[in-house]
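# A closer look at the structure
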Amino acid sequence: MITHGKNIKIFTANSNPGLAKEIADLLGVPVGNSEVYRFSDGEIAMNINETVRGSDVFIVQSTNNPVNDYLMELLIMIDAFKRASAGRITAVIPYYGYARQDRKAKARDPITAKLVADLITTAGADRALTMDLHAAQIQGYFNIPVDHLLGVPILAKYYMSKNLDDIVVVSPDLGSVTRARKFADRLHAPIAIIDKRRPKANVAEIMNIIGDVKGKTAILVDDMIDTAGTIVLGAKSLKEMGAKEVLACCTHAVMSGPAVERLKDSVISELVVLNTINLPEEKKFDRLKVLSVAPVFAEAIKRIYEDLSVSKLFED
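Residues numbered from 1 in each chain as written. Predicted model: local features only at pLDDT ≥ 70, side-chain atom pairs only at ≥ 80, totals over all residues. Heavy atoms only, no water.

Assigned secondary structure in the protein chain consists of 8 helices and 14 strands. A compact globule built from 316 residues should have a C-alpha radius of gyration of about 20 Å, and the protein chain, at 20 Å, falls within 12% of that. For the protein chain, the spread of C-alpha atoms along the three principal axes comes to 60 × 45 × 35 Å. For the protein chain, the residues scored as buried account for 53% of the 316 residues in total. Across the protein chain, the fraction of contacts at a sequence separation of at least 24, relative to all contacts at a separation of at least 6, is 63%. As displayed, the protein chain has an accessible area near 14600 Å², and 49% of this comes from carbon and sulfur atoms. Measuring between centres, the 39 positive side-chain charges of the protein chain sit 3 Å from its 39 negative side-chain charges. (Helix = DSSP H or I, 4+ residues; strand = E, 2+ residues; numbered from the N terminus. Rg over C-alpha atoms; globule rule 2.2 N^0.38 Å. Buried < 20%, exposed > 50% of the residue type's maximum accessible area, 1.4 Å probe, protein only. Contact = heavy atoms within 4.5 Å. Areas by Shrake-Rupley, 256 points an atom, 1.4 Å probe, with all protein chains shown as cover. Lys, Arg positive; Asp, Glu negative; His and termini not counted. Charge placed at Lys NZ, Arg CZ, Asp CG, Glu CD.)

What follows is the structure in structure tokens.
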């Protein structure tokens, strides 16, 4: 229960109300009374049905598919709370959409991750709280404080509880090596790396595996699974290289296009994801396990509210 300072209020729009309620319950406060709705022409509007003057407001909203609708909901909510004289507004974005457009990959590309950061700041957010940004430098795109939470400790704790023997942590590409190494350090396990080349967007081609996986339980770890091409091809390649079993985990289950069917047909024994994105029932299957990020976000919100260090959450 939080008792210090001005009132803390947790609000949510339509992307992940279940997670917002979990967070609010852990903090011992109700979810704020508001509604986000649409006019007949598709325009988004909202009502705040309680006073927020001087309150410390946290808006829980992932910007997953439909990303433009959910992003606009977030911006409108921030603007509404700013105009309602909220004391401080924190945008709690468990999944930050457009994060993959973080640089100019070729001439005349937009840097949309920076644009989204500017929109959130201009709308009136005083700070942001998010988890596992696709590129860590996105924190620098904001001109407001950003607290960046990590999904690795939650996932590692789950696998530690399973007491697996002879494991190897596998990075699905060269860009995820740092994440895999941090994960492996917690499990006291070696790492392997899948070296792949991507001919075009959402198409991955496996080239080779760096490291020893023969006879081991391989755990593929990534920040997100979108169309699942990378993770499924990686798992197949690990099996072909002699891995005894292939497990997989990620923070953000984007699961777009053919992802669910690919995962169902894959050699992956179990897929573990976090609930930064609210998965509809039709995207769930027997080998999928969902872990909650609510305790970590609740503790981070409590620390922000009480002006304590958030980085302490990640100290062993």
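Picking up after the structure, the text goes on.
Enumeration according to the criterion identifies 18 salt bridges in this entry. Between Arg38 and Glu73 there is a salt bridge, with its nearest N and O atoms 3.0 Å apart. With Arg38 in strand E2 (residues 34–38) and Glu73 in helix H2 (residues 67–83), this pair connects stretches of sequence that are 35 residues apart. Residue Glu73 is classed as buried on the basis of its relative accessible area, which comes to 1%. Overlapping salt bridges, with partners in common, bring together Arg38, Asp69 and Glu73 in one network. (Salt bridge = Lys/Arg side-chain N within 4 Å of Asp/Glu carboxyl O.)

Moving on, we come to unusual backbone geometry. The amide bond that connects Asn65 to the next residue, Pro66, takes the cis arrangement and shows omega of 0 degrees. Along the chain, Pro66 falls in the loop between strand E4 (56–60) and H2. Phi at Asn163 is positive, roughly 55 degrees, even though this residue is not glycine. Judged by relative accessible area, Asn163 falls into the exposed class, the value being 62%. One non-glycine residue, His188, adopts positive backbone phi at about 55 degrees. Relative to the assigned elements, His188 resides in the loop between helix H5 (177–187) and strand E9 (191–200). Residue class for His188 comes out exposed when judged on its relative accessible area of 75%.

With that out of the way, let us pick up the domain arrangement of the protein chain. Each assigned domain of the protein chain is listed with its residue range as follows: domain 1 (8–149 + 294–314) and domain 2 (152–285). Each of domain 1 and domain 2 has a C-alpha centre, and the two are 28 Å apart. Residue-level contacts link 15 residues of domain 1 with 16 residues of domain 2. Scanning the region where domain 1 abuts domain 2 turns up 1 salt bridge. Note that Arg100 is salt-bridged to Asp226, the shortest N-O span being 2.8 Å. Of the residues contributing to the side of domain 1 that touches domain 2, the split by class is 7 nonpolar, 5 polar and 3 charged. (Domains from an automatic or database assignment. Nonpolar A, V, L, I, M, F, W, Y, C, P; charged D, E, K, R; others polar.)

Before going further, it helps to spend a moment on the UniProt feature "binding site: Mg(2+)" (unreviewed entry) in the protein chain. Mapped onto the present numbering, the UniProt feature "binding site: Mg(2+)" (unreviewed entry) falls at His134 and Asp173. Despite a sequence span of 40 residues, these residues sit close together in the fold, their greatest C-alpha distance being 13.2 Å. Residue position: His134 is located in the loop between strand E6 (127–131) and strand E7 (146–149). Among the residues examined, His134 registers a relative accessible area of 35% and is labelled partly exposed. Once residues lying within four places of it in the same chain are set aside, the contact partners of His134 are Ala99, Arg100, Asp223 and Met224. Here Asp173 shows up in the loop between strand E8 (167–171) and H5. Given a relative accessible area of 16%, Asp173 falls into the buried group. In contact with Asp173, not counting residues within four places along its chain, are Ile193, Ile194 and Lys196. (UniProt positions renumbered as here; feature names shortened; annotations may be inferred.)

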